[in-house]
Amino acid sequence: MTSRSSFFKLLKEDLRQRLWTIVLAAIVFVLPVPIYIAMEISSSMGFGAGTIYNFAVRLASPMDVESVWLILVTCAGALICAVSGFGYLFSKKKVDFFHSLPVKRETLFAVRYINGVLIYLVPYLAMVLVSILIMTFTGNMSAVVFPIVLKGLAVHLAGYLALYTTFILCVTFVGNIVVFFAVSGWTFGITAVTLLIYFWFEEQFFRTYSYLGTSFETRLRSLRFLCPGYFYIYTVTGNENIWSMLLQELAFVAVMIANTLYVYRARPSDGAGKAIAFPVLKPVIRVSVEILAGALIGMMFHEAADNRYGVPGWMVFGVILGVVLSHILIQSIFHFDIRKCFAGKWSMGVCGVVTIAFVLIMRYDVFGYDKYLPKEKLLESVAVELRSLDGYRNTFRYNGTLLNYAEELNDMKLTDIDTVYPYLESLVADNEAYWEQREQGNSPDSIFVNVAYRLENGKTVYREYHANGIREDLFTPVFESQEYKEAHYCDIYTVPEFMVKGITVNCAMDVLDMSLSDAERTEFMTILRRELSAQTLREKLTTLPVALLHMTAVEGEVRYDSDGMPMDWGYYKSELPIYPSFTETLYFLKERGFEPDAAYEWTGKEMMRIEFPEIVYKESDGYGGEVWTTESVELTEYALIGADGKLIEAQIEYPKDWDYGNNVIPVDPEDYERLYSMCVWEELCDYGVPGFDRYENYRVSMDVPRDGYNMYETYRFIVPGDADLSFLFD
């Protein structure tokens, strides 16, 4: 049994042998950070007492959780201390010497392990002490520094222990320094690389794959105890609850110390100089690397050369190439002999067959990922999101975050499964038909539909489908359900009236900014919710809105930036199209002066121009004929291309210095009113009404004079593509 004095003598002797490591640690810890703090203080003289808090935080930043310098030092320090403390295992002479000493292996392990921790911890504490003294004696110290420093110390020390212990385990696995680096890379990266490759295959081959499903980070989190670097990465980036993760990280360290000690004791003395000290590890490493290399290179060949919808011949070739090359490399390293590169040919063949089977299963969706549709009795609720249903509508949730389709799926819970299930069945069928058309070389029209299946067992499955349009007959009962409306228009239904501070309604030049009392605001929101609940899908798909409602909500106290503009936090805007069926809402607005149907009062100072898809010129083809082209040197005749694709021959006179393009022509003032009567405000065309795609119609711009010298505001409108515009060229 080793006495306490003997143990400390061993610690002291080991530190003497690792003096270079101690000096290096002292340099990287004690010098850079205190020098940085001193330089910051010197260059920032003149800061008043009112800024001492922020200045102290800035000075302490090199010692906080996210300090890049400390992260680099921690990672490099763990590697260096592990090799300097246990690198003797690579030398047969040193192994024979240390193992001949009358000291138990457990004691030898403890001595070297503890010294590796002290070499990191003591200079770290010295750095903290010197930095605090500098800040104190220069009058820049604040109590805020202590939690920053202590939190940083806890995170970086725990991270160091996890990395340091794992590197020691890698040292005990191998017999030389080169293989140590390779095995360290395998140990730290095998879990993450496997997940990344699997996600790549999912994204590439599963046509209903949704990014809203189980993410890489989520799956890696569930396997965090197989990924030594996970805890440190996620604590320094702040993506997890730090204290919870630290407790888990310390538990991981305790398990790793026990495992490392066991492997250290069991390590054969003749392991020094060998590639792998434990022969049982060789097939584990080799098989995993060969399968991953085959899958990775196979996918790279598929991306580079294969037809996505054809036979994956290049992918299979890439798999074979990846397996063979990785097998040659690993066997050459394991045996230190290139002549042994094809040792274990049968196992290489098995790895190749397994990898080919995997890639083909993924490529042809053997297990029916894309046809997945839970049985009705297994569903607790469903969420459906059509990105094209409301165009570019901006909205927010009650909790203040801007709403996107992912959050809408999270908020929506359609519990009437009998109503929504036929629509879900159509999505699966439409998606299958869409991809069959794509495989035949066609490009069918479709819309994206995201679905979240919430199962009775608590699991949520996400899918993204290509649907053949809205499917009005099947989607109508879904859209018109109150559960759908309250989730899709959550800003209207869930935001309390007292948070609504501004309501504006407009239709092009007609704008009403309402200032409502609490009672009026409550009345208006009640009317709006009632009519929104009663709106039918038929109206939404066949009728243009008559106005846009803009609502501003404030959560808490509004904060402003240096320019006086409200910052994102606490200040949110949303918009809602108002349809003709919203009669009570429109009446409420008209009572307060909003008249979208009122005739525009022309001032004679407006300017209008209309954009055509393209302008073409007729010129000689060089063979006695003529050809239409978009460019011409000798202009003989020219024409505009209408939205319907037909040519409109016209003689156009452009004003001097016209810089809007030849396909944009000025409108004669005599035609303003007639053209304006055909216009629809462009922003009203963003709400999914068929036939009003802004890119398949004419676009009209109208400059309206405003107060001020030469001040104009431009409004844009849409004219239907089938409109008769011949009057513009009379």
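Computed from a predicted structure; not experimentally measured.

Considerations on the overall build of the chain
Reasoning step 1: Across its full length, the chain carries 24 helices and 16 strands.
Reasoning step 2: Within the chain, the fraction of its 730 residues that count as buried is 46%.
Reasoning step 3: Of the contacts made within the chain by residues no fewer than 6 positions apart, 73% connect residues no fewer than 24 positions apart.
Reasoning step 4: About 36,900 Å² of surface is accessible on the chain, with carbon and sulfur atoms providing 59% of the total.

Here's the deal with the packing of helix 9 (residues 177–205) against helix 15 (residues 345–363)
Reasoning step 1: Contact pair helix 9 / helix 15: the axes reach a minimum separation of 9 Å and the direction vectors enclose 35 degrees. Touching Y198, F201, E202 and F205 of helix 9 are F358, V359, M362 and R363, all from helix 15.
Reasoning step 2: Of the residues belonging to the contact of helix 9 with helix 15, the class tally is 6 nonpolar, no polar and 2 charged.

A short note on the side chain of S67
Reasoning step 1: Tracing the backbone shows S67 in the loop between helix 4 (52–60) and helix 5 (68–86).
Reasoning step 2: With residues near it in sequence (within four places) discarded, S67 still touches S61, P62 and H156.

Things to note about the sheet that holds strand 2 (residues 447–455)
Reasoning step 1: Reading across the sheet, the 3 strands line up as 1-2-3 and stay open at both edges, with antiparallel pairing between neighbours. Among the strands making up the open sheet, the edge pair consists of strand 1 (379–386) and strand 3 (460–467). For this sheet, the mean angle separating the axes of adjacent strands, direction not counted, is 20 degrees.

So, a negative patch on the surface
Reasoning step 1: The grouping of E376, D416, D418, E425, E483 and E486 at the surface amounts to a negative patch.
Reasoning step 2: Of all the secondary-structure elements, those providing two or more residues to the negative patch are helix 17 (417–439) and helix 19 (482–488).
Reasoning step 3: The exposure class of E425 is partly exposed, given its relative accessible area of 42%.

Some points on the sheet that holds strand 16 (residues 711–719)
Reasoning step 1: One open sheet accounts for 5 strands, arranged 13-8-15-16-14; its pairing is antiparallel. A single partner strand is all that each edge strand has here, and the edge strands are strand 13 (664–666) and strand 14 (680–681).
Reasoning step 2: The pairing of strand 14 with strand 16 spans 2 bridges and is classified as antiparallel. Residue W681 lies in a different strand from strand 16, and its bridge partner there is F717.

Overview of the environment of K375
Reasoning step 1: Within the secondary structure, K375 sits in the loop between helix 15 and strand 1.
Reasoning step 2: For K375 and L455, which are 80 residues apart along the polypeptide, the C-alpha to C-alpha distance reads 9.5 Å.

So, the nonpolar core
Reasoning step 1: Residues Y164, F201 and I276 are the most contacted members of the largest nonpolar core, which totals 100 residues.
Reasoning step 2: With 93 residues, the next largest nonpolar core counts Y489, M499, M551 and F594 among its residues.

Here's the deal with the pattern of salt bridges
Reasoning step 1: Evaluated as defined, the whole model comprises 20 salt bridges.
Reasoning step 2: Here R538 and E472 are joined by a salt bridge, their closest N and O atoms 2.5 Å apart. Of this pair, R538 sits in helix 22 (residues 537–542) while E472 sits in helix 18 (residues 472–479), placing them 66 residues apart in sequence.
Reasoning step 3: Between D518 and R521 there is a salt bridge, and its shortest N-O distance comes to 2.5 Å. Of this pair, D518 and R521 both sit in helix 21 (residues 518–534), separated by 3 residues, roughly a single helical turn.
Reasoning step 4: In the salt-bridge network here, residues are joined through shared partners; they are D14, R18 and R112.

Some thoughts on unusual backbone geometry
Reasoning step 1: Even without being a glycine, D365 presents a positive backbone phi close to 50 degrees.
Reasoning step 2: For D365, the position within the fold is in the loop between helix 15 and strand 1.
Reasoning step 3: Positive phi values are uncommon outside glycine, yet A508 reaches one of about 60 degrees.
Reasoning step 4: Position of A508 relative to the elements: it lies in the loop between strand 4 (500–507) and strand 5 (510–514).

Considering the layout of surface pockets
Rolled over the atoms, a probe as big as a water molecule pinpoints where empty space is left.
Reasoning step 1: Looking at the second largest pocket, its volume works out to about 450 Å³.
Reasoning step 2: In this structure, the second largest pocket is lined by 19 residues; those nearest its centre are C507, P596, D597, A598 and Y676.
Reasoning step 3: For the lining of the second largest pocket, the elements supplying multiple residues, two or more each, are helix 24 (672–677) and strand 14.

Examining the packing of aromatic side chains
Reasoning step 1: Applying the stated rule across the entire model yields 45 aromatic pairs.
Reasoning step 2: Seen in terms of ring centroids, Y160 and Y164 are 5.3 Å apart; in terms of plane orientation they differ by 15 degrees. Their pairing is stacked. Taken together, the residues span about one helical turn, with Y160 and Y164 both in helix 8 (residues 145–173) at a distance of 4 residues.
Reasoning step 3: Given a relative accessible area of 0%, Y160 falls into the buried group.
Reasoning step 4: Residues F173 and F278 carry aromatic rings whose centres are separated by 6.4 Å and whose planes lie at 90 degrees to one another, so their mutual orientation is edge-to-face. Here F173, found in helix 8, pairs with F278, found in the loop between helix 12 (242–266) and helix 13 (281–305); they are 105 residues apart in sequence, far enough to count as distant. Across the pair, F278 and F173 agree in class, each one buried.
Reasoning step 5: One aromatic cluster is present, formed by F29, F86, F109, Y113, Y120, Y124, Y160, Y164 and Y264 through successive ring pairs.
Reasoning step 6: The ring of Y364 has R363 lying over it, and the distance from NZ or CZ to the ring centre is 4.7 Å.
Reasoning step 7: A cation sits over an aromatic face here: R674 above F727, 4.2 Å from the ring centre.

Re the side chain of T172
Reasoning step 1: One can find T172 in helix 8.
Reasoning step 2: Engagement of the side chain of T172 in a polar contact is seen with the backbone oxygen of L169, the distance being 2.6 Å.
Reasoning step 3: Discounting chain neighbours no more than four positions away, the residues touching T172 are L89, V263, Y264, R267, A277 and F278.

Examining the pairing of strand 1
Each regular strand displays side chains that alternate between the two surfaces of the sheet.
Reasoning step 1: Most of strand 1 is tucked away: 7 of the 8 residues are buried.
Reasoning step 2: Here strand 1 pairs with strand 2 via 7 bridges, running antiparallel. When the bridges of strand 2 are listed, E385 appears paired with N450.

Focus on the pairing of strand 8 (residues 607–611)
Reasoning step 1: Sheet analysis places strand 8 next to strand 15 (residues 698–706), joined by 5 bridges and oriented antiparallel. By the bridge assignment for strand 15, M607 is matched with D703.
Reasoning step 2: Both strand 8 and strand 13 contribute to a ladder of 3 bridges, which runs antiparallel. Paired with R609 across the two strands is P666, which belongs to strand 13.

Parameters at a glance
Residues numbered from 1 in each chain as written. Predicted model: local features only at pLDDT ≥ 70, side-chain atom pairs only at ≥ 80, totals over all residues. Heavy atoms only, no water. Helix = DSSP H or I, 4+ residues; strand = E, 2+ residues; numbered from the N terminus. Buried < 20%, exposed > 50% of the residue type's maximum accessible area, 1.4 Å probe, protein only. Contact = heavy atoms within 4.5 Å. Areas by Shrake-Rupley, 256 points an atom, 1.4 Å probe, with all protein chains shown as cover. Axes fitted to C-alpha atoms, helices over the stretch in contact; angles between N-to-C directions. Nonpolar A, V, L, I, M, F, W, Y, C, P; charged D, E, K, R; others polar. Pairing = 2+ DSSP bridges. Patch = residues over 30% accessible without salt bridge, like charges linked within 9 Å, V, L, I, M, F, W, Y side chains within 5 Å. Salt bridge = Lys/Arg side-chain N within 4 Å of Asp/Glu carboxyl O. Lys, Arg positive; Asp, Glu negative; His and termini not counted. Charge placed at Lys NZ, Arg CZ, Asp CG, Glu CD. Core = buried A, V, L, I, M, F, W, Y, C linked by side-chain atoms within 4.5 Å. 1 Å grid on protein atoms, 1.4 Å probe; cavity = no way out; pocket = protein on both sides within 12 Å on 5 of 7 lines; lining within 4 Å. Points joined across faces, edges and corners; volume = space filled by probe spheres on them. Phe/Tyr/Trp six-rings, centres within 6.5 Å; stacked < 30°, edge-to-face > 60°. Lys NZ or Arg CZ within 6 Å of the ring centre and 35° of its normal. Polar contact = N/O pair within 3.5 Å; in protein donor to acceptor, adjacent residues only side chain to side chain.

Everything listed is a geometric property; what it means functionally is a separate question.
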